[in-house]
Each structure stands twice: as structure tokens, then as C-alpha cells.
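This is what each chain is made of:
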Amino acid sequence: MPFEPIIADTELWDGDMTARSVDGHDLLLVRHNGVVYAYENRCAHLGVALSEGRLDGYVLTCRAHHWQYDVRGGSGVNPATACLRRFAVKIEDGKVFVDVHAASPDVPNAEDVGDGVGPVLTGHPRAQAVLEAIRRLNPSAEIHNRGSYIRVLAPRRCLVTRSAVEDILGQPFDFRAELEIMMPSFKGRMRLDDDEAVWTFEAGAIMGATTIPIGRSHPEMTPNAMPSFKDTVRRGDDEVVSMFEASAIGGATASPTGRSRQETAQKRTYWHLTDLGRKPTDYDIATSRLHYWTARGFEVKVPVSEWYERYQRGSELRCRDWEEWGDPRQTTYTTYTTMQRTREAFVNGLLDSISDEYDQGLSPEWLALLNRVLAPLRYPGHGLQMVAAYVGNMAPTARITIAATFQAADEMRRVQRLAYRMRQLQVTHPEFGRTALQTWQDDPIWQPLREVIEALLVTWDWGEALVALQFVLKPAFDELFMTQFGRLARAAGDDVLDRLFFSLNEDCAWHRAWSESLMLTAIRDTPQSAHVVKGWIENWAPRVGRAVSAFRPVFDEMPPGGVGRFATVLDAIEQFGQRYRGALFGRRNLPPGESAA
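Remember, it's a predicted structure, so these values are computed and weren't measured experimentally.

A count of helices and strands for the protein gives 19 helices and 20 strands. Burial status across the protein gives 53% buried among its 597 residues. Partitioning the intrachain contacts of the protein with sequence separation of at least 6 by distance along the chain shows that 67% fall at a separation of at least 24. As displayed, the protein offers around 26700 Å² of accessible surface, 50% of which is attributable to carbon and sulfur atoms.

Below you can see the structure in the form of C-alpha cells.
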């Protein structure tokens, strides 16, 4: 294919970068020391547009999680294993030309080497559909079922596409989000976007990591190795202390290792897990059949037992065996704290990077808007946390209780981080947030949302509370604040707040994933539940729509160069909610009356 003109040579100054789109490709153009480079405009980590990042000399830093690249060749600076897809560039007749259909000619080729590459898949409800799609697209792939996980190894290259998975499922599939959840590790170099995932071989590659970038330079994800834990015993003069040591391994679920043969033999089987037909995982052991009353009822009749009979067992949301469901992430306390420790380290570093000069540099208009929106935001956050805790407390299986409890912890984490940011602003602006409670109680933009949350707090049926929270209110709330308001912050020059919201939104993605998986389990087991869920969505969606629409003044009064008119924001929130709920009923069968949920 021929080179295509992108921009005039004089439009790109030395030390600058710009984003352009041509033939369906989003490009990043950078000029450094007089040389123009062209790359695919997406970070190799999570696909965030690199044009929104920061260029210091030859180092390009992504705005989201601070991944860094050398613009002189696209190789990773931090982490070193990252790599950008680079395109060939030439300058003629005062114009910059790029060939978007061919990689840069200086990228080496590795077609003459081979090795097994592919993903490791866990027990996600839709993992079998992904596995079948891989089989169809990669006839030479080897499938190794290890019980608690499945390893795929294809010679040199493994491919799976969203369209292939959707053909098997017969319904929409959120390709990037769901694949990342069900894939704890992989072998080779990976390129992932919304439509396909490709694993390729490179020399020196090890399980779940890469070393020397060989082959076409594709955006890649750093593997997310599942943790393993080992018991060690330290003996003192008067005591014996058992400690857990964490280490990262590729392609295995967390399991106890390093114990004596005698102890392992004693714990090899578990009476309540014998129907698994395999050795139980740590997740199986820690979460299975812990709520005895759901099957036996309460042995002593007290008011609380009547409450559970009415609002849990009497709920119209039914499933013959809720124990059939499992968290796609298989989260236990150990894996949760390990994961959140890493995320907290990032957020702490982000907040610690804020100086007094940064806050003093924020415009008065933006500070006034933050005082109206950011300061009261912790109050609805507390409401979301309390509803999640109630859903977990009323849930008919321990696995739902555990997932909802971790979600409640995530909501508290969000409240705490926003409160910390507010205290930082009070150092340079002492009056900031002093009227936050009054704003929450009286400001017109908050009242519809306040009414929805207060109504949800007294929704006693656990099934309705679950559906209203997870499928109507939270998707709209998270998209409105974590995404749309974050973009508004970036447009106002508050880049740190945007990155803070982006990081906190990672928790919200898991909240949607486990809820969707749970509801699909219930609907497939008891199809009548689909009608019940639709009815609850129809009931709550208009109320949530009014709550979102009340924030129109916030976006109408934003500074020039923001995310656009509120109609654009409203449409983005509507489409987000519809795509999320579409997996439950199919895109053609969404319930009517969804205006902005």
C-alpha cells in the first residue's frame, strides 16, 4: 500500500506530538531531534491514547499508569518489555507521509522461529466459549486441562477474535474486559484490543513474561501472573509461627505449597467438594457452602430469620443452586489484598506527587466546580458501599457475599481517596469543601441522585437491590464520574484527578464483571428470572436517568476544550449501560424505558 499524507511538515514542531486517524488507524506522530516517528496511538498496557500523555525529551509517559516509551524506536523504558507498534514514515514536498499497512522496516522478523504460545484460562462462565473459538481459529493448538485452569499452547502464534466468541455464545461479548478477567497469565508476547487477541513467540520468552522484542512490534500487555503462596514455619524457643510468603508464577492459581507430604495427604479431599471431580482450588475451599441456613433454614426462629425468609428466600430472583456460580476473578482475601496493595501503591504515589504549586495553579472556575462536585462525592460513595454490604449480607451463597463484601471495601477505598484529595486542596484553599454536606442536601444537581440512593437503601429484597445497584445505578454513576468527569478534569488542567479516577475505575470494572457473570448464571438456570430482572431495570432506569441529567449544568459550564456538550456525555452513559446490560438479554431485547442508565 502507498504512503499517505497525514499532516504538513510545519505542523509538527520538534518536541511535539499529535494524534491523527487514517484508514481506521489511530496514529501518534512525534518529532524528536528533527526526526518524525509514527506509532499506534495506544499504550501497550490498557490501550489508553498516548497522545494524552507527557513527552519529556525522548521519553513518552502514558497518563494512566505511567508506562514509559522511547519515542526513537518505540521500545519500553518502564517496563522494558513493553513495545509500541511503529509505522514507516517519510517526508516529501513539505508533507509527512505514513504507511499504515506496514510496520517500520527496521523491525526484525521472527517468522523462522517457533514455540508454543497462548493464554491460561480460569473457570470463568464464558471461558469455554473462548476456548472453543481458539480451537476453531488455531487447529494446531494444544489444550492442557489442569483442573483449576486450562493452558493453551499454539505453535508460534495464537489468535482469538471477538466475532468468533460471539458466534459461539450467540450474544455480545465484552472482549477486552472479559478476556483479561478470565486470563491470569499467558505465554509469549500479547497484542490485545477490543476485537482480537494475538499471542506471538519471541526468543527468550518465559511463561508469562517477555524479554527481547522480536517480531512485529505490537502493543503488548505485561502478563498478570497469578500469585502463589507458601507456608513457612519459623520456630522460636517458645513458639511456632506460620507465615505466608508470596511469589509470582505464570499460569497457576494460588495454592498452598511447601507443606509436608503428610499434611498434604490429610487435606487432599474435602467432603463438601467431592462433586468437583478435581482437586479444589484455594478459592473453592475458601468460598464454597459456607451459608448453611440457605438450605436448612434457621434452627431458632427469631426476627432476623423471618427477615431472611421474606427478603432472601422470598425474592423473585431465583436460581436452583447459587453455588454453581463462581467469581470470574476467583477472589479470596489473600489475592484481594495482594492486588489492592499494588493499586494503592500507585494511587499513593499519584497523590504524593501533588505539590502546593499544583493546587495553587488550578483555575478559580475549576476549584469552584470541584467544590460543588468533588467535595460532596463521598456521600453517594458511602451509600453505594452500604447497599453493596447489604447485598452481601443477604446473599444466598458465600461466594456472592464475599464478592459483594470486597466491592463494599472498594467503595470505601474510593471514598477515602477522594476525602484525602479534598484535604490536600484544603491546605492551599482552606475553605474548600466546608459546605460539602449542605451542598449534598440542598444543591439541585445532587437531589435526584440522593433520592435514588436513599430509595435503594430501603430496598429490602436482596435480588432487586442487587439488580438496581449493579445494573442500573452503578454503571451510570461510575461512567459519569470516573470517566466523563475525569475527562472534564483533564480538560481543565487537573490531570492528576483524571488519573486518580481512572485507577479507581479499575475496581468498578470488576464489579460489573462479577455481577454480569452471576446474573447470567441465574438466568440460564432459571429463565423466568430474566423477566424479573427486566422489570426491576425498567423500574429503576428512569430514576437513575433523572439523576444523571441533573448534572447538565456541571458540563454546560465547563471551560472550552472539554468533553463536549452534555448531550454527548449523556449519550456515552446511555450506550455504556446498554452495552453492559446487553449481555444479559441480547442487544435486541433490552427492556424499554432506559433513558440514561
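For the structure shown, the criterion picks out 18 aromatic pairs. Ring centres 5.3 Å apart and planes at 65° place the aromatic pair Trp307 and Trp460 in the edge-to-face group. Of the two residues, Trp307 is situated in helix H7 (residues 303-311) and Trp460 in the loop between helix H14 (447-457) and helix H15 (462-491); the sequence distance between them amounts to 153 residues. Ring-pair connections join several aromatic residues into one group, and the members of that group are Tyr379, Trp440, Trp446, Phe477, Phe481 and Phe551. Over the ring of Tyr420 we find Arg417, and its NZ or CZ is 5.7 Å from the ring centre.

Judged by how many residues are buried, strand E11 (residues 116-121) sits mostly within the fold: six of six residues are covered. Across three bridges, the pairing between E11 and strand E15 (residues 185-187) is antiparallel. Within E15, the position partnered with Val120 by the bridge is Ser185.

Turning to helix H11 (residues 378-394), a few remarks are in order. Between the first and last C-alpha of H11 there are 25 Å, a value that for 17 residues agrees with the 24 Å anticipated at 1.5 Å per step. Among all positions in H11, only Arg378, Pro380, Gly381, Gly383, Leu384, Gln385, Val387, Ala388, Tyr390, Val391, Gly392 and Met394 are buried. Looking at the buried side of H11, the elements it contacts are H7, helix H12 (398-428), helix H13 (436-442), H14 and H15.

Here the focus is the sheet that holds strand E14 (residues 157-161). Strand order in the open sheet formed by three strands is E14-E17-E16, and the pairing between neighbours is antiparallel. Of all strands in the sheet, those bounded by a partner on one side alone are E14 and strand E16 (189-192). Strand-to-strand, the axes of this sheet are offset by a mean angle of 10°, without reference to chain direction. For E16 and strand E17 (residues 196-200), the ladder comprises four bridges, and the chain directions are antiparallel. The residue of E17 that forms the bridge with Leu192 is Ala197. Sitting on the sheet, helix H3 (residues 175-182) touches E14, E16 and E17, and the angle it makes with E16 is about 145°.

The end-to-end C-alpha distance of helix H16 (residues 495-525) is 46 Å, a good match for the 45 Å that 31 residues give at a rise of 1.5 Å each. Maximum bend of H16: about 25°, positioned at Glu506.

Between H11 and H14, the shortest axis-to-axis distance is 10 Å and the interhelical angle comes to 20°. One way to sum up the angle between H11 and H14 is to call them roughly parallel. In the crossing of H11 with H14, the sense of the turn from one axis to the other is left-handed. Taken together, the residues of H14 that come into contact with H11 (itself represented by Pro380, Gly383, Met386 and Val387) are Leu449, Ile453, Leu456 and Leu457.

Ranked by internal contacts, the top residues of the largest apolar core, which has 95 residues, are Phe481 and Phe485. The greatest single-element share of this core, amounting to 17 residues, is contributed by H15. Setting aside chain neighbours within four positions, we find Phe481 in contact with Val373, Leu377, Trp446, Leu449, Gly486, Phe501 and Phe551. In this structure, Ala133, Ile150, Val165 and Trp199 belong to the second largest nonpolar core, which totals 27 residues.

For the rest of this paragraph, the subject is the sheet that holds E15. What the four strands build is an open sheet, ordered E12-E13-E11-E15; its pairing is antiparallel. Every interior strand has two partners, whereas the edge strands, strand E12 (142-145) and E15, have only one. Neighbouring strand axes in the sheet, compared pairwise and without regard to direction, differ in orientation by 15° on average.

Before going further, it helps to examine the pattern of salt bridges. In this structure the tally under the stated criterion is 34 salt bridges. Here Glu92 and Lys90 are joined by a salt bridge, their closest N and O atoms 3.6 Å apart. Lys90 sits in the partly exposed class, given a relative accessible area of 30%. The closest approach of N and O atoms between Arg413 and Asp507, which form a salt bridge, is 2.5 Å. On the criterion of sequence distance, the pair formed by Arg413 in helix H12 and Asp507 in helix H16 is long-range, its members being 94 residues apart. Overall, Arg413 belongs to the buried group, its relative accessible area being 6%. For Asp507, a relative accessible area of 3% gives the class buried.

How each quantity is defined
Residue numbers here run from 1 along each chain, matching the order of that chain's written sequence. Residue-level local features of this predicted model are given only where pLDDT is at least 70; pairs of side-chain atoms are given and counted only at 80 or more, and the full residue set underlies all totals for whole chains, interfaces and linings. The basis for every side-chain value is the complete set of heavy atoms in the structure, and neither hydrogens nor water enter the calculation. A run of DSSP states H or I qualifies as a helix once it reaches four residues; a run of E qualifies as a strand once it reaches two. Both are numbered from the N-terminal end. Each residue is assigned to one of three classes by its accessible area relative to the maximum for its type, calculated with a 1.4 Å probe on protein chains only: buried under 20%, partly exposed between the two thresholds, exposed over 50%. Two residues qualify as a contact provided that any one of their heavy atoms is within 4.5 Å of a heavy atom in the partner residue. Residue burial considers only the protein chains on display, and all accessible areas are found by Shrake-Rupley using a 1.4 Å probe. Side-chain rings of Phe, Tyr and Trp, where Trp is taken by its six-membered ring, are said to pair if the distance between their centres is within 6.5 Å; with planes under 30 degrees apart they count as stacked, over 60 as edge-to-face, and otherwise as tilted. Here, over-ring charges are defined by two tests on the NZ atom of lysine or the CZ atom of arginine: distance to the ring centre within 6 Å, and angle to the ring normal within 35 degrees. Between any two strands, pairing holds if DSSP finds at least two bridges. Helix span, expected: 1.5 Å multiplied by one less than the number of residues in the helix. Axis angles are defined between N-to-C directions and span 0 to 180 degrees, where every axis is a line fitted to C-alpha atoms and, for a helix, only to the segment in contact. One axis fitted to the seven residues ending at a residue, another fitted to the seven starting there: the angle between these axes is the bend at that residue. Reported orientations rely on four angle classes, namely roughly parallel under 35 degrees, roughly antiparallel over 145, roughly perpendicular from 65 to 115, and oblique for the rest. A clockwise turn of the near helix away from the far one marks a right-handed crossing, whereas an anticlockwise turn of less than a right angle marks a left-handed crossing. Side-chain atoms within 4.5 Å link the members of a nonpolar core, which is a set of buried Ala, Val, Leu, Ile, Met, Phe, Trp, Tyr and Cys residues. Here, a salt bridge means any side-chain nitrogen of Lys or Arg that lies within 4 Å of a carboxyl oxygen of Asp or Glu.

Treat this as a map of the structure, not an account of what it does.
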